[in-house]
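What follows is each chain in one-letter form.
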Amino acid sequence: MPKMTSRGDKTRSNLLEVGTRIFSERGFAGVSTREIATAAATTLPSIPHHFGSKEGLYRAVLQNVSKQMEEQFSAASAEAIAVLKRMQVTHQQRLDALQDLLSSVTRTILQSRAELVDLITQEERLPAEALKPIEQVIEKQVLRPMLRLIASLRGQSPTSGDVKLQAISLLGRVLILRTRRSATLRLLNWQELTPLRIERIAGTLRSEVDAIFGDRIDCSQETPTRCNISGGNLSPRRLSLPS
């Protein structure tokens with residue numbers, strides 16, 4: 001028989017659940033340990049017993065959120081990194097990897113519980129040090145491979161300001177749909193974001209990425225091309241071949 005979860009484990013899990021909800025609504029400074037304990041239907045000493053302090057609970061909440069995000073991003077991130085490591089890779093394969101990564105981010109952000117995203121988007125109201133686990137996951141699983149993919153598609157360095165702005169712009173398209181959820185639903189005359197509608201959003205973003213990068217010619221391929229390099233941008237032009 002599987003080992004029964006102890007009462008202490010249940011209390012700890014409940015505190016994490018309640019802490020996630022309350023911190024997302026009111027921020028770290030806007031709630032007391034007594035309020036958290038009351039909402040979790042447990043005693044005040046339970047918080048220092050399991051987490052050391054309110055800050056310890058807060059850190060545990062964000063660590064838990066970062067773990068969930070890492071699990072959700074891992075497959076698309078791993079595929080993007082695998083594409084980048086290949087010796088021979090086509091423009092279309094890089095484009096597909098970028099679209100798949102952005103689709104993964106879209107599903108994760110829009111399908112996640114609202115409080116998980118709220119914890120991330122209220123960054124300026126939260127202690128910066130505690131946000132590091134989430135920032136590290138986003139940087140490792142999303143931002144780094146996205147920058148490298150965009151750089152390879154643009155023919156620029158991942159450290160280029162234009163590449164960074166492009167990545168932020170693409171991620172911003174997803175985040176605005178969550179942070180302005182009510183306005184988005186009202187504008188689209190939707191009652192809720194169903195899985196089918198989320199896939200529709202992901203498809204729209206894929207089309208945008210295709211419009212930005214899809215018409216570029218891969219200068220590393222066998223088809224004869226002439227690539228004009230201006231300001232770090234590859235602007236390829238096909239050579240006409242004799243009949």
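All values reported here derive from a predicted model rather than from experimental measurement. (Residues numbered from 1 in each chain as written. Predicted model: local features only at pLDDT ≥ 70, side-chain atom pairs only at ≥ 80, totals over all residues. Heavy atoms only, no water.)

*Asks:* Give me the lowdown on the environment of Ala151, citing residues and values where you can.
*Replies:* Along the chain, Ala151 falls in helix H7 (residues 132–154). For the pair formed by Ala151 and Lys164, sequence separation is 13 residues and the distance between their alpha carbons is 8.9 Å. Dropping the residues within four chain positions of it, Ala151 is found in contact with Gln156, Ser157, Pro158 and Val163. (Helix = DSSP H or I, 4+ residues; strand = E, 2+ residues; numbered from the N terminus. Contact = heavy atoms within 4.5 Å.)

*Asks:* Go over the nonpolar core with me, naming the residues and quoting the values.
*Replies:* Membership of the largest hydrophobic core comes to 61 residues, with the highest contact counts inside it found for Phe23, Ile36, Leu57, Leu98, Met146 and Ile150. Looking at this core element by element, the count peaks at 12 residues for helix H4 (residues 54–85). Filtering out sequence-adjacent residues up to four positions away, Ile150 remains in contact with Leu98, Val163, Gln166, Ala167, Leu170 and Phe213. (Core = buried A, V, L, I, M, F, W, Y, C linked by side-chain atoms within 4.5 Å. Buried < 20%, exposed > 50% of the residue type's maximum accessible area, 1.4 Å probe, protein only.)

*Asks:* Could you give an account of helix H1 (residues 7–26), with specific residues and numbers?
*Replies:* A rise of 1.5 Å per residue sets the reference length of H1, with its 20 residues, at 28 Å; its end C-alpha atoms lie 28 Å apart and thus fit the reference within 8%. Regarding H1, the residues found buried are Thr11, Leu15, Leu16, Val18, Gly19, Thr20, Ile22, Phe23 and Ser24. (Expected span 1.5 Å × (residues − 1).)

*Asks:* Explain the confidence of the model for the protein chain to me, using residue names and the numbers behind them.
*Replies:* Per-residue confidence for the protein chain gives a mean pLDDT of 82; residues scoring 70 or more make up 82%. Per-residue pLDDT stays below 50 along residues 217–243; that stretch engages in 40 contacts with residues further than four places along the chain or on separate chains. (pLDDT = per-residue confidence, 0-100.)

*Asks:* Quick rundown of the side chain of Gln166? Include the residues and the values.
*Replies:* Turning to its location among the elements, Gln166 is positioned in helix H8 (residues 161–179). On the basis of relative accessible area, Gln166 is assigned to the buried category, the value being 15%. When neighbours within four sequence positions are excluded, Gln166 is seen to be in contact with Ile150, Arg154, Ile212 and Phe213.

*Asks:* Hey, could you go over the packing of H1 against H4 for me, with residue numbers and the actual values?
*Replies:* Relative to each other, H1 and H4 sit at 85°, their axes nearing to 9 Å. Judged by the inter-axis angle, H1 sits roughly perpendicular to H4. Across from Arg12, Leu15, Leu16, Gly19, Thr20 and Phe23 in H1, the residues of H4 making contact are Lys54, Leu57, Tyr58, Ala60 and Val61. Within the contact of H1 with H4, the residues separate by chemical class into seven nonpolar, two polar and two charged. (Axes fitted to C-alpha atoms, helices over the stretch in contact; angles between N-to-C directions. Parallel < 35°, antiparallel > 145°, perpendicular 65-115°, else oblique. Nonpolar A, V, L, I, M, F, W, Y, C, P; charged D, E, K, R; others polar.)

*Asks:* Go over unusual backbone geometry, please, and point to the residues and values.
*Replies:* Positive phi is not limited to glycine here, since Ala41 has a value of about 55°. With respect to the secondary-structure elements, Ala41 resides in the loop between helix H2 (33–39) and helix H3 (46–51). Note on Ala41: relative accessible area 71%, which makes it exposed.

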